[in-house]
Amino acid sequence: MTQMMGQQSIQFDKAVHIISAASVVGKKEGEGPLGNQFDLVCEDPMFGEKNWETAESTIQKEAAQTALGKAKLLPTQIRYLFAGDLLGQLIATSFGVQDMNIPLFGIYGACSTCGESLTLGAMTINAGYADRVMALTSSHFASAEKEFRFPLEYGNQRPLAATWTVTGSGAFVLAENGGHARISGVTPGKVVDFGVKDSLNMGACMAPAACDTIYQNFMDFNRQPEDYDKIITGDLGYVGQTILVDLLKEKGFDISKVHMDCGIEIYDRETQDTHSGGSGCGCSAVTLAAMILPKLEKGSWKRILFVPTGALLSPVSAHEGETVPGIAHGVVIEHC
Amino acid sequence: MADVSKERKNKEYNDYVKQVTPTHNLPLNMAKAFLIGGIICVIGQFIMNYCGKLGLDKETSGGWCSLILILIAVILTGFNIYPKIVKFGGAGALVPITGFANSVAAPAIEFQKEGQVFGIGCKIFTIAGPVILYGIFTSWALGFIYWILKICGVV
């Protein structure tokens, strides 16, 4: 029986279970509204390492080991690893996962990597190619600033629409059975570009992609916004949220009552000076692990649509005057 | 045909984004810049006057003024205090020579981990590069124009 659903979605005939999840974050995230829900908060931004990149690798390692510990599994029992980060050539991932000796699929989805890794991991298990996989992603404020923007000590005024890259890593163990949350379907997204050039207004860059994926999810599964307890985007922030709701209204769907955004949830805008909210691969990942999955596992929410969003620019493309394309991957997660 | 309509749609979207994107309060930012820039220049003037009182001529006083302001900016950059001043004062802290010092000290600190040659050596002028290049180029261009005008007897 075909599992293809509509134009670009998949409805798994046998849902894939999320049996454990772990979140490791830095100081700022620990001081935010979700502070006491994370598995590990590290005050030292270097995580005991000598540079930002190896610090990010260490965060990934910690998250992976914590997730394995919660599932009472060894790395040898994980068949494949789907992992990625924001840095060039995915160096944080490559160095972070070395010691686990798990076959690795390194992936890049910018801040949508969590959705992409969960999607590919679920597809792999459902198709019978693996019994257990791990989806892993991370971001680090300092390493991202260094790569995409300015050295930390450089003074500059951030625009109000700017977002703050989350320092954190989320790890998820997927299996055929177990746990109380499962992935029942996915809507992989395509690259959507509405011609925004301002890379500091990422919400505006990514909102069209989120709209496209969410709309397609509704079409493919024949669902309405009310069929989900929550529709949660990765890091559109306050500005992006406004735009997303308006874009979907134009297409005939009102998601204002069920929409949430990880970038908005992770920081307190009044006290933490994070302007439009949080961003980065880690943003959606740690929020999923620390806040969203527990609610699903408890049964407070029965079905949600998790849509991390990514801005597919590079420092080079920005300098060359290109626009910032966006992408968003939708994952339907249910209580079980 | 499709390109034209896509362009139009993009333009509409960008106009819409402009409407919903919050921006800083410009008059308030200008006032803060004025305050911070003014304070830095007052400090500079204080140094100049003090040097003058010690009997130094104007040029030497100017040299000391620049040196001391740069030193203060570099130290504040090292202690991660300068970015906080810029966050408040914006251009008021970036335009004076202190801003230039910050833009050179910051990469020097950040890229230390990539080594002396490929890190600090290659990347120290990553932010200040345009200032140096176009500053020198502009002064050359103006000098050239001045020379032409002199030949023509205008100056």
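Residues numbered from 1 in each chain as written. Chains lettered and ligands numbered in written order. Predicted model: local features only at pLDDT ≥ 70, side-chain atom pairs only at ≥ 80, totals over all residues.

**A word on the overall build of chain A**
Consideration 1: Looking only at helices and strands, chain A features 11 helices and 16 strands.
Consideration 2: For chain A, the C-alpha radius of gyration of 18 Å lies close to 20 Å, the compact-globule estimate for 336 residues.
Consideration 3: If you line up chain A on its principal axes, its C-alpha atoms span 55 × 50 × 35 Å.
Consideration 4: When each of the 336 residues of chain A is scored for burial, the buried share is 57%. (Helix = DSSP H or I, 4+ residues; strand = E, 2+ residues; numbered from the N terminus. Rg over C-alpha atoms; globule rule 2.2 N^0.38 Å. Buried ≥ 20, exposed ≤ 12 C-beta atoms within 10 Å, placed from the backbone.)

**Some words on the packing of helix H2 (residues 26-53) of chain B against helix H4 (residues 82-89) of chain B**
Residues and elements named next belong to chain B.
Consideration 1: Between H2 and H4, whose axes approach to 8 Å, the crossing angle comes to 135°. For the element pair H2 / H4, the angle class is oblique. Residues Lys32, Ala33, Leu35, Ile36 and Gly37 of H2 form the contact with H4, whose participating residues are Ile85, Phe88 and Gly89.
Consideration 2: Counted by class, the contact of H2 with H4 contains five nonpolar, two polar and one charged residues. (Axes fitted to C-alpha atoms, helices over the stretch in contact; angles between N-to-C directions. Parallel < 35°, antiparallel > 145°, perpendicular 65-115°, else oblique. Contact = placed C-beta atoms within 7 Å. Nonpolar A, V, L, I, M, F, W, Y, C, P; charged D, E, K, R; others polar.)

**Some remarks on the domain arrangement of chain A**
Residues and elements named next belong to chain A.
Consideration 1: By the assigned domains, chain A splits into domain 1 (4-175) and domain 2 (181-335).
Consideration 2: Contact residues are listed per partner, giving 58 residues for domain 1 and 59 residues for domain 2.
Consideration 3: For the side of domain 1 that touches domain 2, the secondary structure elements donating two or more residues are strand E2 (9-26), helix H1 (27-30), helix H4 (113-126), strand E6 (132-139), helix H5 (141-148), strand E7 (164-165) and strand E8 (168-175).
Consideration 4: Per-element accounting of the side of domain 1 that touches domain 2 gives the leading share, 12 residues, to E2.
Consideration 5: The residue makeup of the side of domain 1 that touches domain 2, split by class, is 27 nonpolar, 24 polar and seven charged. (Domains from an automatic or database assignment.)

**Digging into the nonpolar core**
For soluble globular proteins, nonpolar side chains are generally found buried alongside one another.
Consideration 1: Formed by 109 residues in total, the largest nonpolar core has its most connected members in Ala67, Leu81, Met134, Phe172, Leu174, Ile183 and Ala210 of chain A.
Consideration 2: If you count residues domain by domain, this core takes at least three from each of domain 1 (4-175) and domain 2 (181-335) of chain A.
Consideration 3: Among residues more than four places away in sequence, those in contact with Met134 of chain A are Ala64, Ala67, Ile78, Leu81, Ile102, Ala171, Phe172 and Val173 of chain A.
Consideration 4: Listed in part, the 19 residues of the second largest apolar core include Leu76, Ala93, Ala105 and Phe111 of chain B. (Core = buried A, V, L, I, M, F, W, Y, C linked by C-beta atoms within 7 Å.)

**A closer look at the interface of chain A and chain B**
Consideration 1: Counting residues at the interface gives 21 residues for chain A, matched by 28 residues for chain B.
Consideration 2: Per element, the largest residue contribution to the side of chain A that touches chain B is three residues, and it comes from helix H7 (residues 237-250) of chain A.
Consideration 3: Residue composition of the side of chain A that touches chain B, grouped by class: 11 nonpolar, seven polar and three charged.

**Considerations on the confidence of the model for chain B**
All names here are of chain B.
Consideration 1: In this model, chain B carries an average pLDDT of 94, and 99% of its residues clear a pLDDT of 70 or more.
Consideration 2: Confidence, expressed as mean pLDDT per element, reaches its minimum in chain B at helix H1 (residues 2-20) with 91 and its maximum at helix H8 (residues 129-151) with 96.
Consideration 3: With pTM at 0.93, the complex prediction returns an ipTM value of 0.87. (pLDDT = per-residue confidence, 0-100.)

**So, the domain arrangement of chain B**
All names here are of chain B.
Consideration 1: One can read the domain layout of chain B as domain 1 (32-124) and domain 2 (126-155).
Consideration 2: Listed by partner, the interface residues are five residues for domain 1 and four residues for domain 2.
Consideration 3: The element that contributes the greatest number of residues to the side of domain 1 that touches domain 2 is helix H6 (residues 97-110), accounting for four residues.
Consideration 4: For the side of domain 1 that touches domain 2, the per-class residue count stands at three nonpolar, one polar and one charged.

**Looking at the environment of Phe306 of chain A**
Residues and elements named next belong to chain A.
Consideration 1: Note on placement: Phe306 falls in strand E13 (residues 303-307).
Consideration 2: Residue classification places Phe306 among the buried residues on the basis of 28 C-beta atoms within 10 Å.
Consideration 3: Spatially, the C-alpha atoms of Phe306 and Met260 are 9.6 Å apart, while their sequence positions differ by 46 residues.
Consideration 4: Excluding anything up to four places from it in sequence, Phe306 contacts Gly115, Ile232, Leu288, Ile292, Val331 and Ile333.

**Considering the pairing of strand E16 (residues 330-335) of chain A**
All names here are of chain A.
Consideration 1: Bridge count for strand E9 (residues 181-187) against E16 is six bridges, and the pairing is antiparallel. Paired with Gly185 across the two strands is Val332, which belongs to E16.
Consideration 2: Where E13 meets E16, four bridges bridge the pair, whose relative direction is antiparallel. Residue pairing across strands places Phe306 opposite Val331, the latter belonging to E16. (Pairing = 2+ DSSP bridges.)

**Remarks on the pairing of strand E4 (residues 80-84) of chain A**
Look at any regular strand and the pattern is simple: side chains alternate between the two faces of the sheet.
Residues and elements named next belong to chain A.
Consideration 1: Taken across its five residues, E4 has five buried, putting it largely inside the fold.
Consideration 2: Alternating residues of E4 divide into Tyr80, Phe82 and Gly84 and Leu81 and Ala83, and every residue in both groups is buried.
Consideration 3: Relative to E6, E4 runs parallel, the two sharing five bridges. The residue bridging Tyr80 from the neighbouring strand is Val133, located in E6.
Consideration 4: The pairing of E4 with strand E5 (residues 104-106) spans three bridges and is classified as parallel. Within the sheet, the bridge partner assigned to Ala83 lies in E5 and is Gly106.
Consideration 5: Note on the crossover from E4 through helix H3 (residues 91-97) to E5: the handedness is right-handed. (Right-handed = clockwise from strand over helix to strand, strands pointing away.)

**Re H2 of chain B**
All names here are of chain B.
Consideration 1: Over its 28 residues, H2 extends 40 Å from the first C-alpha to the last, a length consistent with the 40 Å expected when each residue adds 1.5 Å.
Consideration 2: Next to the buried residues of H2 lie H4, helix H5 (91-94) and H6.
Consideration 3: Once H2 finishes, Gly55 follows within two positions and takes phi at roughly 95°, a positive value. (Expected span 1.5 Å × (residues − 1).)

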